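Chain by chain, the residues run as shown.
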Amino acid sequence: MRPRELTLQGFRSYRERTTFDLRDRRLIGVVGPIGSGKSSLLDAISFALFARTPTFERDTRSLIHQLDDAAHVELVFEVDGQIWRVQRGLRRKGASGHKLERLAADEPEAKVLESIQQEKAVRRQVERLLGMGFDAFRRSVLLAQNRFAEFLQASPVKRDEVLKGAFGYERFDVAHDVAKDRVRDAEAELLILEAEGGRLRQAAEERPAVVAAVASAAERRDLVEDAAPRIEQATASRVTAERAAEEAEERTRALVSLGATLPGGDELERVLRAAEDGDRAVSELQELADRAADEAERAAAELAAIAERVGDRTAFTAFTELVARLEHEGAEAERRTTELQEAAAAVDQAASAVAGAERAGGAATTVAERAAKALARSSERVVSRDDSLHRARHAAAAGDLRRHLAEGSPCPVCDQIVATVPKAAAPAKVAAAETALATARSAEAEARAAWEAAQRDAATAAERAAQVVAARDQADATLATATAAARSAEAAVTATRSELVDRLGEGDPRALLQARQAELDDAERLAKELATTHARARDAVDAARREGADASKAVATLATRVAGTWGALQRPRDISADPAGVRLAFIELGEELLAQHHEAEADLLKAREQIGADVATVTAELDALGLPADADLARERSAVAAAVSAAEERLRALDDELAAGADLTARIVVATARRDLSRRLASDLQPSRFLAYLLAEERAALAELGSVHLEELTGGAYRFTDDDAFRIIDVNAGGAERPAESLSGGETFLASLALALALAEMVTRGGGRLDSFFLDEGFGSLDPEHLDRAMEGIGRLVAGDAHRLVVLVSHVELMRQLLEDLIVLDKDERTGDTRVVAGASLRD
């Protein structure tokens, strides 16, 4: 992994957006006073890659600038020739943002080829790209402040994690998983082959029964086919006989139907008497109808006279509508009056609400102004307490430096000879200053919360005031509308009442209307009753005339019906319409119907005898085949043919299955060999075997090469043991072994640096992934001689790979002289924010 560009905003002391261009740079020194944000640069790289830093692994919101609500970090880096951009966003409230993108080129507007969202997905991809997780990264690539000795003092398991990531040995874990997958696949294949063998054994056992079933089905098919012609012939004969029987039954039904259409003797006599009495009834009913017509005419004349005097139905309809309108308009006037009263009351209530809302708004505004002043005072106290804390820390650092001064020795800062050691100043009260700052910040947070609450209350009061003013305006408009509506309703009532007086006269309009309408109703009812009596008399005359005509028609109809029945019997004859002629023809027709009915019954009996003989033949044939008498021969023929086909098809399927399984034994042998080979690979690739061997070799090589660097850095004073325990051999103490924890701070730094240089050199030889190296502090513990040796070793690390980037963070002044490419940082004394003096890019 090789960083190319780093951007920070709102991250720790970097409040403003700041970008560092790391392209074409190899050895960079980050220098500046304490608290200027040097270590924050390495924290930003760690957070961009893993969403964690060596200091803040869980409470990452503490990385947000104290005066901001969000932080943003963006890192563009290269892995195996691919350009990636990772973006992380932190928020004090709400979810954080995480995005990883693969770019087509290292350009600002490069096309995005791949995009990954969500924290877990981004972390997994970053770990895959770097070949290591966060713990391995901070022990081998990022040696954080006060934690650079973690690899030296780590457990063997933790060291192996670093080595696996650095040398790409995690691919052996993948190979082990693949081998286990192949074992499972081969075992599953063997289970499938065993199941196939069971099916083959079952098929071989089943085949004799299927062969017998084929022969049995064929024999059954032959028996059915032999009997089929005889059954079909008897069936055809039965169909012919059934058709003859149906025809005889049809003739019988037709003769019965013809007989049913003829009238009886009583009906014949009734029709004749009706024809004789018809004319006399018509004369008597006509006389009654004439008298009813005269009475109806007199009642109609009297109704016309009353209508002329009191008015007709059209006038009454108009009167009724006017009365209804008067009543409706009166009710509407009452409703409008009620609405007017309610609107006036609403106007009074709205005016009171407006006054109350204005008072509440003024009170809320006053509270908000007081809260704003309190917040300003709290913010000033925070700035003051923060400045006091910085001065206390500076004094504490000066006190620590004074303890290392000695008369006649060079100062570790300015390198001048100390003539007189300054007197010790009063101890810096750093803890008290930190407590005061925390108290001031807590008070500021409380003041800010109170100010925000007051702002919300003031906004709510203003919104409420606007609502009640709008409600008052709406009430005024409603009152005006109600006043106009009430006046309009009263005017309508007055106009309608005047019109009714003009038409009906003075008095109760509805009573006057009801009296006139009752008089007209009585006259109409009488006229209607007499007209109904006349109509009924006229209808009776018409009915008598129709009955006479119907009687004549009935005699003619009887003659026609009898003649039609003779025609239906294929013996047509003419019949006169007089009663005697009809009666004679009717008697002769009955005799003919009886004769033809006896003939049809004889034909039906003969046909049924033939049907019985044919049914017996079919039943005997079906019984011989073991079938019921009502069996469907066609279906049985299809069934036996299908049985033969199914049995033959099953036999072919068994033969095909047995032929296909002929090589089963060979396939089992191959699958077994593949499973055994995969098991051996899975066993050999277990972490406790092959990978453990490789890591042991790498640890031994690292100890050997680390010893070379440690001897160079310490002037031959120390080296590592030959095993992979990384214990220290003290050459000046006769080669005695001692644990790494017994070294001093400067010695521990040199031993850790020696291992880091050796690891980077080994990875470079093998084409590994350590393309960058970040070291935070530790140089302050070295004297000038050892500092020169450390820088020579780091220089060889850079010279060994033109693509590698090494970033050194230090406040030691001598570092400015030893490094050409510097990122120079400073701190704003008022706000504490980082200020980039120089080195944001190589051009600076």
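Note: the structure precedes this text.
Residues numbered from 1 in each chain as written. Predicted model: local features only at pLDDT ≥ 70, side-chain atom pairs only at ≥ 80, totals over all residues. Heavy atoms only, no water.

A. Spatial organisation of the overall build of the chain. Helix and strand counts for the chain stand at 17 helices and 15 strands. Going through the 844 residues of the chain one by one, you find that 37% of them count as buried. A sequence separation of at least 24 residues applies to 70% of the contacts in the chain between residues at least 6 apart. Carbon and sulfur atoms provide 52% of the accessible area of the chain, an area that totals close to 46,800 Å². (Helix = DSSP H or I, 4+ residues; strand = E, 2+ residues; numbered from the N terminus. Buried < 20%, exposed > 50% of the residue type's maximum accessible area, 1.4 Å probe, protein only. Contact = heavy atoms within 4.5 Å. Areas by Shrake-Rupley, 256 points an atom, 1.4 Å probe, with all protein chains shown as cover.)

B. Spatial organisation of unusual backbone geometry. Positive phi is not limited to glycine here, since R12 has a value of about 50 degrees. Here R12 shows up in the loop between β1 (2–9) and β2 (18–21). R12 gets classed as partly exposed once you look at its relative accessible area, which sits at 30%.

C. Fine view of the environment of E737. In this fold, E737 is placed in strand β11 (residues 736–738). Linking E737 and T721, residues 16 residues apart in sequence, is a C-alpha distance of 7.7 Å. Among all residues touching E737, those that are not within four sequence positions of it are T721, R727, I728 and I729. A distance of 3.4 Å separates a polar atom in the side chain of E737 from a polar atom in the side chain of R727. (Polar contact = N/O pair within 3.5 Å; in protein donor to acceptor, adjacent residues only side chain to side chain.)

D. Just the pattern of salt bridges, in detail. All chains considered together, the criterion is met by 28 salt bridges. D68 serves as the salt-bridge partner of R15, at 3.2 Å between the closest nitrogen and oxygen. In this pair, R15 is assigned in the loop between β1 and β2 and D68 in the loop between α1 (38–50) and β4 (70–79), connecting sequence segments 53 residues apart. A residue is classified by how much of its surface remains accessible, and R15, at 29% relative accessible area, is partly exposed. The partner of R230 in a salt bridge is D226, and the shortest N-O contact between them spans 3.6 Å. (Salt bridge = Lys/Arg side-chain N within 4 Å of Asp/Glu carboxyl O.)

E. Focus on the sheet that holds strand β9 (residues 718–720). Read across the open sheet, the 3 strands follow the order β9-β10-β11; overall the sheet is antiparallel. Edge positions in the sheet fall to β9 and β11, since each of these pairs with one other strand and no more. Sheet twist, expressed as the average angle between the axes of neighbouring strands with direction ignored, equals 35 degrees. As paired elements, β9 and strand β10 (residues 728–730) share 3 bridges and run antiparallel to each other. In the sheet register, R719 faces β10, and the bridge partner there is I729. (Pairing = 2+ DSSP bridges. Axes fitted to C-alpha atoms, helices over the stretch in contact; angles between N-to-C directions.)

F. Examining the pairing of strand β12 (residues 772–776) more closely. Where burial is concerned, most of β12 is hidden: 5 out of the 5 residues are buried. Side-chain alternation along β12 places S772, F774 and D776 on one buried face and F773 and L775 on a second face that is also buried. Pairing geometry for β12 and strand β13 (residues 805–809), over 5 bridges, is parallel. Note on β13: the bridge partner recorded for F773 is V806.

G. Focus on the environment of V562. With respect to the helices, strands and loops of the structure, V562 is situated in helix α10 (residues 509–568). Separated by 20 residues in sequence, V562 and V582 place their C-alpha atoms 7.6 Å apart. Residues within four places of V562 in sequence aside, it is in contact with L262, I575, A585, F586 and L589.

H. Spotlight on a negative patch on the surface. Together, D290, D294, E295 and E297 make up a negatively charged patch on the protein surface. As for its placement among the helices and strands, E297 is situated in helix α7 (residues 265–310). Among the residues examined, E297 registers a relative accessible area of 58% and is labelled exposed. (Patch = residues over 30% accessible without salt bridge, like charges linked within 9 Å, V, L, I, M, F, W, Y side chains within 5 Å. Lys, Arg positive; Asp, Glu negative; His and termini not counted. Charge placed at Lys NZ, Arg CZ, Asp CG, Glu CD.)

I. Focus on the sheet that holds β1. Taken together, the 6 strands give an open sheet; going across it, the order is β2-β1-β4-β5-β6-β7, and neighbouring strands pair in antiparallel fashion. Both outer strands of the open sheet, β2 and β7 (112–117), are each paired with one neighbouring strand and no more. Between one strand axis and the next, the sheet turns through 15 degrees on average, direction left out of account. Judged from the 4 bridges that link them, β1 and β2 form a sheet pairing that is antiparallel. By the bridge assignment for β2, E5 is matched with D21. Docked against the sheet, α1 engages β1, β2, β4 and β5 (82–91), running at close to 75 degrees with respect to β4. The strands touched by helix α2 (residues 119–130) within the sheet are β4, β5, β6 (97–103) and β7, with β7 carrying the most contacts at an inclination of about 125 degrees.

J. Inspection of the nonpolar core at higher detail. Residues F20, L41, L49, F77, L130 and F137 are the most contacted members of the largest nonpolar core, which totals 47 residues. Counting residues per element, this core draws most heavily on α1, which supplies 8 residues. One finds A740, A754, L775 and V806 within the second-largest nonpolar core, a separate group that totals 33 residues. (Core = buried A, V, L, I, M, F, W, Y, C linked by side-chain atoms within 4.5 Å.)

K. Representation of helix α11 (residues 579–624) in the model. Between its first and last C-alpha, α11 extends 69 Å over 46 residues, near the 68 Å set by a 1.5 Å rise per residue. Positioned one or two residues after α11, G626 has a phi angle of 75 degrees, which is positive. (Expected span 1.5 Å × (residues − 1).)

L. Structural view of a positive patch on the surface. A contiguous patch of positive charge, built from R370, K373, R377, R381 and R385, is present on the exposed surface. Among the secondary structure elements, K373 is positioned in helix α8 (residues 313–403).

M. Broad picture of the packing of aromatic side chains. Tallying each qualifying case throughout the model produces 3 aromatic pairs. Each ring, one from F11 and one from F47, has its centre 6.0 Å from the other, and the planes form 40 degrees; the classification is tilted. Residue F11 is located in the loop between β1 and β2, and its partner F47 is located in helix α1; the two are separated by 36 residues in the primary sequence. By relative accessible area, F11 is classed as buried at 0%. A relative accessible area of 3% means that F47 is categorised as buried. Consider the rings of Y14 and F20, whose centres lie 6.2 Å apart with planes at 80 degrees: the pair is edge-to-face. As far as the burial class goes, Y14 and F20 line up, both buried. Against the face of W566 rests R573, its NZ or CZ located 5.0 Å from the ring centre. (Phe/Tyr/Trp six-rings, centres within 6.5 Å; stacked < 30°, edge-to-face > 60°. Lys NZ or Arg CZ within 6 Å of the ring centre and 35° of its normal.)

Functional significance is not addressed by these values, which are geometric in nature.
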